[in-house]
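These are the residues of each chain, in order.
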Amino acid sequence: MSGLIKSSLARKVVMALSGLFLVLFLVLHVSLNLASVVSPDFFNEASHFMGYNPLVQFVMQPILIAGVIIHFVMGFILEAQNRAARGVGYVMYKGSANASWVSRNMIYSGLVVLAFLGLHFYDFWIHEMAYKYVEANPADPTRYYVETVEKFEPIWRTLIYVVAFVLLSLHLWHGFASSFQTMGVNNKYTPAIKSFTKIFAVVVPLAFAFIAIYHHLNPITH
Amino acid sequence: MKLHLKIWRQKDANSKGQMVDYPLNGVEEDMSFLEMLDVLNEQLISKGEEPIEFDHDCREGICGTCSLMINGRAHGPDTRITVCQLHMRSFNDGDEIVIEPWRAKAFPVIKDLIVDRTAFDRIQQAGGYISVNTSGNPVDANAIPIEKDVADQAFNAATCIGCGACVAACKNASAMLFTSAKVSQFALLPQGQVEATERVQNMVRQMDLEGFGNCTNTGACEVECPKGISLENIARMNREYLNAAVKA
Ligand code: HEM
Ligand code: SF4
Ligand code: FES
């Protein structure tokens, strides 16, 4: 691990692999969320499975949390080192002349996503942990759909989620293709990877945002 | 034309510098940027002031010595050229031009606009060589056939002139483009294979030791590089590095 911190290239690889891992997780997450729009029953079943399967709970969940932590902690380390590497700053610096805004502001899009993850954990994960392990409530395979839709009743939460998805889109717009370059892939497939990145960076956050807005507009009538 | 120059002045490595305003009249479009500075310096000398120190040597875009940040861009507003190839026709009468040295912790200012780029030399020394027994070596290098496109790629990597614009332009002051060009020019050729593993590891280690930043793939270096060194070289260096890590 100390070797990883020492070499700039190893740090980049950690960043890229943890980022790609999170991208994979996003695909899984968005697919499940879409179920909440298409089939509440399937959404309940799948959520219940995820919530009570020991492999998911005690192996995959810790790996995911570790992946997030490794990614943003490494991001902060890189950012601090990169700022220090400039030393005296320029009086005039035209970053926009040679690099895209998203690529220059990964730390800010990442920070917004991180802040969002804080809220998101509070909304769902903390609640879930308390329900299962603190209050020790019995398993109820039918509660997930209602709980999820109720979360999006307040407009403020729906809006925060949508804004976070926009920033996630920007983060992925650069990050996804960038991780291939970091892993040494720059060849005849690179234009295709870049095109795919743009589609992915729009479609996935758009789907997340759609689901949040959909539930906000279709509240459960008691 | 008449210009309003704002130029970084710094007495020596230990002094604190500052921007100083210099109005300059009678600049002609056909002057190169460095000739424009020569004109200013002659005026300063005739007034008994100290001339502005800036690096230059060949003045034809091949040595990589000239190094100025002009209006926030490495080697000025045009692409694929060095400062010595930049001409005043790229500017307009009445323009304000901000001139600063390369900024990187690994490139400390020596005086005014001159920075110390020996960090690049040390990266090169760490692995930018091949071991060939030159005494009584009967094998001519040209006797080894190399595919044309591979030879071209190696040659393109070798056109890096070590100017440091990549570091200057990068928001992270990363030296990855330079180092990757120097790794690639050997990695692509059979003569470079003997030391391949240690080369990339040693050069990257030296690059880190010098205090350059981490690449975040913004691509600024590639845009500002006067020789058009491509990001493909950085990907190649990353591959070489990953391969070396697997082998070791
Ligand atoms: C937790 C908050 C996050 C922070 C603070 C953060 C920060 C960063 C930073 C600083 C970089 C490096 C910049 C660069 O290489 O251009 C980066 C790269 C990346 N991030 Fe994030 N990020 C976060 C969350 C995410 C999430 C949720 C995903 C994906 C779903 C993600 C995917 C990526 C990818 C793919 C890269 C590219 C790696 C590379 O360039 O080699 N990040 N992130
Ligand atoms: S890679 Fe380009 S910008 Fe960097 S030192 Fe070489 S020639 Fe200059
Ligand atoms: S002085 Fe040699 S490249 Fe500009």
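Residues numbered from 1 in each chain as written. Chains lettered and ligands numbered in written order. Predicted model: local features only at pLDDT ≥ 70, side-chain atom pairs only at ≥ 80, totals over all residues. Heavy atoms only, no water.

Chain B is annotated in an unreviewed UniProt entry as Succinate dehydrogenase/fumarate reductase iron-sulfur subunit of Pelagihabitans pacificus. Its UniProt record gives chain B a comment under Sequence similarities (unreviewed entry), which states: "Belongs to the succinate dehydrogenase/fumarate reductase iron-sulfur protein family." (UniProt positions renumbered as here; feature names shortened; annotations may be inferred.)

Where an unreviewed UniProt entry is consulted, chain A appears under the name Succinate dehydrogenase cytochrome b subunit, with the organism given as Pelagihabitans pacificus.

Brief notes about the sheet that holds strand S3 (residues 69-70) of chain B
The mixed open sheet is built from five strands, whose spatial order is S2-S1-S5-S3-S4 (chain B). The outermost strands of the open sheet, each flanked by one partner alone, are strand S2 (18-24) and strand S4 (73-74) of chain B. (Pairing = 2+ DSSP bridges. Helix = DSSP H or I, 4+ residues; strand = E, 2+ residues; numbered from the N terminus.)

Some points on the UniProt feature "transmembrane region" (unreviewed entry) in chain A
Residue and element names in this part refer to chain A. Here, the residues flagged by UniProt with the feature "transmembrane region" (unreviewed entry) are residues 59-80, 101-122, 155-176 and 196-217. As annotated, residues 59-80 comprises 100% helix and 0% strand, and the C-alpha atoms at either end are separated by 32 Å. Helix and strand shares over residues 101-122 are 95% and 0% respectively, and the end C-alpha atoms of the span are 31 Å apart.

Quick notes on unusual backbone geometry
Positive phi outside glycine occurs at Arg59 of chain B, with the angle close to 55°. Residue position: Arg59 of chain B is located in the loop between helix H1 (33-46) and S3.

Some words on the interface of chain A and chain B
At the junction of the two partners, chain A supplies 36 residues and chain B supplies 44 residues. Roughly 3,200 Å² is buried in total at the junction of chain A and chain B, and carbon and sulfur atoms are behind 53% of that figure. The largest contributions to the chain A side of the interface with chain B come from Leu9, Tyr90 and Asn98 of chain A, which together make up 20% of the buried area. Scanning the region where chain A abuts chain B turns up 30 residue pairs in polar contact (both at pLDDT 80 or more). At the level of elements, helix H2 (8-38), helix H4 (54-86), helix H5 (101-104) and helix H8 (155-182) of chain A are the ones that each hand at least two residues to the side of chain A that touches chain B. Of the residues forming the side of chain A that touches chain B, the biggest block, seven residues, is contributed by H4 of chain A. Of the residues assigned to the side of chain A that touches chain B, the class counts are 15 nonpolar, 14 polar and seven charged. (Contact = heavy atoms within 4.5 Å. Buried area = accessible area lost by both parts, 1.4 Å probe. Polar contact = N/O pair within 3.5 Å; in protein donor to acceptor, adjacent residues only side chain to side chain. Nonpolar A, V, L, I, M, F, W, Y, C, P; charged D, E, K, R; others polar.)

Quick word on the domain arrangement of chain B
Residues and elements named next belong to chain B. Segmentation of chain B into domains returns domain 1 (3-110) and domain 2 (118-247). On the side of domain 2, 20 residues touch domain 1, which itself brings 19 residues to the contact. Interface of domain 1 and domain 2: buried area, both sides summed, is about 1,400 Å²; carbon and sulfur atoms make up 59% of it. For the domain 1 face of the interface with domain 2, the top three residues by lost area are Arg80, Ala106 and Phe107, together amounting to 34%. Our count for the domain 1 to domain 2 interface comes out at one salt bridge. With a closest N to O distance of 2.8 Å, Glu224 and Arg73 form a salt bridge. Counting across the interface, domain 1 meets domain 2 through three residue pairs in polar contact (both at pLDDT 80 or more). Residues belonging to the side of domain 1 that touches domain 2 are distributed by class as follows: nine nonpolar, seven polar and three charged. (Domains from an automatic or database assignment. Salt bridge = Lys/Arg side-chain N within 4 Å of Asp/Glu carboxyl O.)

Focus: the coordination of the iron atom of ligand 1
Residue and element names in this part refer to chain A. Protein coordination at the iron atom of ligand 1: the donors are His71 (NE2) and His171 (NE2), at 2.0 Å from the metal. Between the six donor atoms coordinating the iron atom of ligand 1, the angles at the centre fall across 87 to 179°, so the site counts as octahedral. Of this pair, His71 sits in helix H4 while His171 sits in helix H8, placing them 100 residues apart in sequence. There is no split in this pair, since His71 and His171 are both buried. (Donors = N, O, S within 2.8 Å, 3.2 Å for Na, K, Ca; no water. Tetrahedral: all angles 85-135°; square planar, octahedral: opposite > 155°, others 65-115°. Buried < 20%, exposed > 50% of the residue type's maximum accessible area, 1.4 Å probe, protein only.)

Quick notes on the site of ligand 2
All names here are of chain B. As a structural note, the neighbourhood of ligand 2 is formed by 13 residues, with Cys160, Cys163, Gly164, Cys166 and Cys225 the closest of them. Going through the elements one at a time, helix H4 (165-169) and helix H5 (176-187) are the ones with two or more residues in the shell around ligand 2. Here the residues of the shell around ligand 2 sort into eleven nonpolar, two polar and no charged. (Near = heavy atom within 4 Å.)

Remarks on the side chain of Ser178 of chain A
Looking at the secondary structure, you find Ser178 of chain A in helix H8. Polar contacts involving the side chain of Ser178 of chain A include one to the side chain of Asn217 of chain B, which spans 2.8 Å. Beyond its immediate chain neighbours, meaning those up to four positions away, Ser178 of chain A contacts Thr216 and Asn217 of chain B.

As for the pattern of salt bridges
Using the criterion set out here, one finds 15 salt bridges over all chains in the structure. A salt bridge links Arg59 of chain B to Asp38 of chain B; its shortest N-O distance comes to 2.8 Å. With a gap of 21 residues between them, Arg59 of chain B in the loop between H1 and S3 and Asp38 of chain B in helix H1 connect regions that are remote in the sequence. Relative accessible area serves as the criterion here: at 28%, Arg59 of chain B is assigned to the partly exposed category. With relative accessibility at 24%, the residue Asp38 of chain B sits in the partly exposed group. When salt bridges that share partners are traced, they join Glu128, Lys132, Arg143 and Glu147 of chain A into one network.

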